[in-house]
Amino acid sequence: MRHLLNALKTNYYLRRILPFILIYFSFEILANIAPIYMDGDKMDWGLLPMLEVLKDGLVETTISCLYWLLPYLIYLLCLPRQKHGGAGDRIFTITWFSIFVLANLIEDTATVFFWDEFSSSFNFIAVDYLVYTKEVIGNIMESYPMEWIIPGFILITALIVWACRNILIPKEISAPALPVRTAVAGGAAALLVLSFFCVDIADAEDGTNHYNNELAKDGFFSLFSAFLKNELNYEQLYLTDDTKADAAFLREQHAGPGIVFSDPDGTGITRTVTPEAAPLNCNVIIVVMESMGSEFLNERREDGANVTPNLSSLAAQGIFFPNTFATGTRSVRGLEAVSTSIPPLPGMAILRRDKNENLQTAGSIFKSHGYNTKWIYGGYGIFDNMNYYFGHNGFEVIDRLDIPDDQITHTSIWGVCDEDLFRQAIREADKSHAKGKPFMNFVFTTSNHRPYTYPSGKIDIPSGTGRLGGVKYADYSVGALIEEAKKRPWFDNTVFLFVADHGAGSAGKKELNPETHCIPAIIYAPKYFKPERHDEAISQIDVLPTLLGAINMPHIASYYGQDARKPGYKSRYFLCNYQHIGYVEDDVMVILQPNRKVTYYKDNKKVEETPDLIPYRDRAVHYYHHASGWRDNLSQNALDRATAHPATPRQPESQPVPTPDTP
């Protein structure tokens with residue numbers, strides 16, 4: 001202890017950087033109290049697991065702190081020895097220390113709010129948020145009292161800087177010579193280079209408890225790790241098989257009456273699909289609903305609250321799949337699954353990847369039959385690259401910029417309210433109908449998203465008060481859409497599909513938690529379909545093939561989903577959370593991970609690999625490995641070369657658009 005106190009008095013560098021170190025570690029400790037308070041009951045408090053948390057947390061926090069210190073050490077290296085301790089040195093040091101304190105205060109506070117939302121330290125979602133600052137900053141400004149929080153940050157920073165003003169620069173100790181300063185700065189840089197190659201955030205994910213793993217992570221370390229690992233190479237990191245074996249398995253899964261493969265012995269799964277029944281030749285409106293998990297449906301609510309009367313009514317009248325499982329936990333994953341019917345690959349969704357043009361999608365399939373195909377979004381579609389993706393894959397893009405101001409009654413940072421969005425979808429349908437064209441409108445809602453604001457007086461829950469209001473207003477808007485559509489001459493000949501993009505939560509104790517992915521899917525068209533209920537689990541990637549099967553549309557297919565209404569449909573579904581990709585069948589969940597690792601769960605319990613689990617693993621690999629070649633497999637050019645288009649069915653008969661005098 002005496003030696004330590006003596007070093008504190010006499011060591012120049014220790015005196016200069018100690019305030020930075022103390023602040024950094026103090027903030028980190030305080031930031032970890034909140035997750036413990038929120039989810040401490042779900043953590044493993046055993047001695048060994050907690051030692052792992054402390055070890056990983058100490059390593060990551062030290063590295064992150066050293067990154068912050070390196071610029072200051074370089075400054076001390078470059079500053080002439082006689083200038084150390086001078087007025088200029090004091091101004092620079094206090095300025096840098098102020099930035100350091102404020103930035104870490106914001107980061108650690110953001111960590112707490114991020115944990116509250118995702119039960120996780122920063123991950124790739126946070127990276128996306130940094131890219132789309134307009135929407136995210138707007139969301140923060142609407143969700144939290146920033147007029148108090150920002151001055152609070154500044155006040156706390158000022159108080160800390162004022163308290164440390166006299167210890168930041170030791171006056172009684174001379175700066176060391178240039179060789180010593182060079183050695184210190186060079187040593188710090190060398191340690192950071194070494195840590196870059198030797199320390200990986202995956203080291204903190206070896207534990208069996210998700211909450212322990214996330215608690216061990218430092219915020220800045222997690223953020224930059226996610227930034228560096230934003231796209232993952234399946235072939236290099238995950239378990240693979242022979243591509244021909246993959247294709248042979250998938251062709252077996254998709255085989256059936258009316259299915260003809262263009263390459264029955266090769267590596268492709270491209271096929272022509274010719275339904276036995278005549279095509280309905282109907283219009284289609286696909287509504288992807290923000291965060292509408294199955295737990296919000298009236299039939300699933302334990303409190304008896306009537307929050308989804310309209311969706312519940314449509315489910316009772318239509319073809320209802322209450323146990324559809326979303327592929328991911330972000331909107332881009334849901335849009336990917338519904339539009340392309342592909343399992344979720346590690347890393348970013350296809351919407352966010354490069355070279356994602358000219359793929360087979362719902363848009364290209366319907367467009368090949370002469371449909372007007374429109375992507376309709378109430379926000380600015382530059383977010384998450386949505387407009388580019390849909391605009392280059394068979395859709396005309398309609399977003400916030402195309403909605404007239406006089407047609408907007410309410411907006412949040414994410415876009416217009418759902419009622420305004422649906423009214424725009426109705427107008428677009430009217431335009432297509434007026435031209436005698438069948439239409440397929442792909443609509444994406446936003447109202448059931450924080451800050452959960454909507455027009456007042458619509459429902460009995462005040463705007464902006466929480467998730468339940470967002471859910472009930474979203475349901476109210478669905479009812480308004482149907483009521484307005486019933487007034488149109490094209491209603492009877494239109495099939496509606498309602499499906500969520502993902503559930504409302506993503507946290508759980510396992511790497512992947514199926515219970516948080518359960519969403520509803522409803523196909524509604526009273527003229528064409530009697531009520532059906534399918535309680536078996538289906539995948540979100542099955543939604544598009546099931547819709548195409550319901551309307552008997554002949555088409556060329558290279559997608560991976562299946563028609564869930566067909567006899568012999570085998571229930572299985574897919575999950576992902578960026579690095580972990582899962583396959584669930586029967587009571588088994590197989591999770592494929594980087595470094596070709598495989599984890600198994602049976603009856604919701606983690607188990608070791610046994611011979612009876614190998615077939616499940618192989619099926620998972622067949623799906624994911626083959627799908628990893630999506631740029632080739634889903635290429636519209638490749639499809640055109642592989643086989644000729646089926647005959648185009650007749651189009652819906654044109655009917656006049658109603659005028660104010662038309663009943």
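Residue positions are given per chain, counted from 1 along the sequence in the order it is written. Owing to the predicted nature of the model, reporting of local features is limited to residues with pLDDT of at least 70; listing and counting of side-chain atom pairs is limited to 80 or more, with chain, interface and lining totals taken over all residues. With hydrogens and water set aside, each side-chain value is computed from the structure's full complement of heavy atoms.

Caption draft 1: Main features of the overall build of the protein chain. Scanning the protein chain for helices and strands turns up 22 helices and 19 strands. Here the globule rule is a power law, 2.2 Å times the number of residues to the power 0.38, and the radius of gyration is based on C-alpha atoms. A globule of 663 residues ought to have a C-alpha radius of gyration of about 26 Å, and the protein chain, at 28 Å, matches this closely. Principal axes of the C-alpha set define a box for the protein chain whose edges measure 90 × 60 × 45 Å. When the accessible area of the protein chain is evaluated, it comes to approximately 28500 Å², of which 59% is carbon and sulfur surface. Averaged over its 59 positive side-chain charges, the protein chain has a centre that lies 4 Å from the centre of its 76 negative ones. We count a stretch as a helix when DSSP gives it H or I for four or more residues in a row; a strand needs E for two or more, and each element gets its number in order from the N terminus. To measure how exposed things are, a 1.4 Å probe is used in the Shrake-Rupley method; for residues, cover is taken only from the protein chains shown. His residues and chain termini do not enter the charge count, which takes Lys and Arg as positive and Asp and Glu as negative. A single reference atom marks each charge: NZ on Lys, CZ on Arg, CG on Asp, CD on Glu.

Caption draft 2: Spotlight on helix α4 (residues 87-118). One fewer than the residue count of a helix, multiplied by 1.5 Å, yields its expected span. With 32 residues, α4 should cover 46 Å at 1.5 Å per step; its first-to-last C-alpha distance of 46 Å lies within 8% of that length. Residue S119 follows α4 closely and has a positive phi angle near 50°.

Caption draft 3: Local environment of the pairing of strand β10 (residues 494-500). Within β10, seven of the seven residues are buried, which leaves the element mostly enclosed by the surrounding structure. Burial along β10 is two-sided: the face carrying T494, F496, F498 and A500 and the face carrying V495, L497 and V499 are both buried. By definition, two strands form a pair when at least two bridges between them are found by DSSP. Of the strand pairs in this sheet, strand β3 (residues 283-289) and β10 are connected by seven bridges, and their pairing is parallel. Bridged to V288 within β10 is V499. Across four bridges, the pairing between β10 and strand β11 (residues 518-524) is antiparallel. Paired with F498 across the strands is I522, a residue of β11. Each residue's exposure class comes from its accessible area (1.4 Å probe, protein chains only) as a fraction of the maximum for that residue type: buried when under 20%, exposed when over 50%, partly exposed otherwise.

Caption draft 4: Structural detail: the nonpolar core. Throughout this description, the term nonpolar core refers to a set of buried Ala, Val, Leu, Ile, Met, Phe, Trp, Tyr and Cys residues connected via side-chain atoms within 4.5 Å. Counting 118 residues, the largest nonpolar core has F442 and F498 as the members making the most contacts within it. Contacts between residues were defined by any pair of non-hydrogen atoms, one from each residue, lying within 4.5 Å. In contact with F442, not counting residues within four places along its chain, are I286, V288, L335, V338, S339, K374, W375, I376, F390 and F395. Counting residues in each nonpolar core, the second largest holds 38 residues, with L70, A185, I201 and F221 among its members.

Caption draft 5: Representation of the sheet that holds strand β2 (residues 271-273) in the model. Overall, antiparallel pairing links the three strands, which are arranged β1-β2-β14 in an open sheet. If you trace the sheet from one side to the other, it starts and ends with β1 (259-261) and β14 (555-557), each paired once. Geometrically, the sheet is characterised by an average inter-axis angle of 25° between neighbouring strands, direction not taken into account. Looking at chain direction, β1 and β2 are connected through three bridges and run antiparallel. Counterpart to I259 in the pairing with β2 is V273. All axes are obtained by fitting lines to C-alpha atoms, using only the stretch in contact for helices, and the reported angles, taken between N-to-C directions, cover 0 to 180 degrees.

Caption draft 6: Representation of the environment of I259 in the model. Inspection of the secondary structure puts I259 in strand β1. Along the primary structure I259 and I556 are separated by 297 residues, whereas in three dimensions their C-alpha atoms are 9.6 Å apart. Ignoring anything within four residues of it in the chain, the contact list for I259 reads H254, R271, T272, V273 and K566.

Caption draft 7: Local environment of the packing of aromatic side chains. Under the pairing criterion, centres of Phe, Tyr and Trp rings, with the six-membered ring standing for Trp, must be within 6.5 Å; the plane angle then separates stacked pairs below 30 degrees from edge-to-face pairs above 60, leaving the rest tilted. Overall, the coordinates contain 40 aromatic pairs when judged by the stated rule. Consider the rings of Y75 and F92, whose centres lie 3.9 Å apart with planes at 25°: the pair is stacked. One end of the pair, Y75, is in helix α3 (residues 47-78); the other, F92, is in helix α4, with 17 residues separating them in the sequence. Note on F92: relative accessible area 35%, which makes it partly exposed. The interplanar angle of 80° and the centroid separation of 5.2 Å between the aromatic rings of F390 and F395 together place this pair among those described as edge-to-face. Accessibility assignment for this pair places F390 and F395 in one class, buried. Among the aromatic side chains, those forming a connected cluster through ring pairs are F20, Y24, F25, W68, Y72, Y75, F92, W96, F97, F100 and F220. By the criterion adopted, a ring carries a charge over it if an Arg CZ or a Lys NZ lies within 6 Å of its centre and within 35 degrees of its normal. Sitting over the face of the ring of W162, R165 holds its NZ or CZ atom 4.2 Å from the ring centroid. Geometry around Y559 places R271 over its ring, the cationic atom sitting 4.9 Å from the centre.

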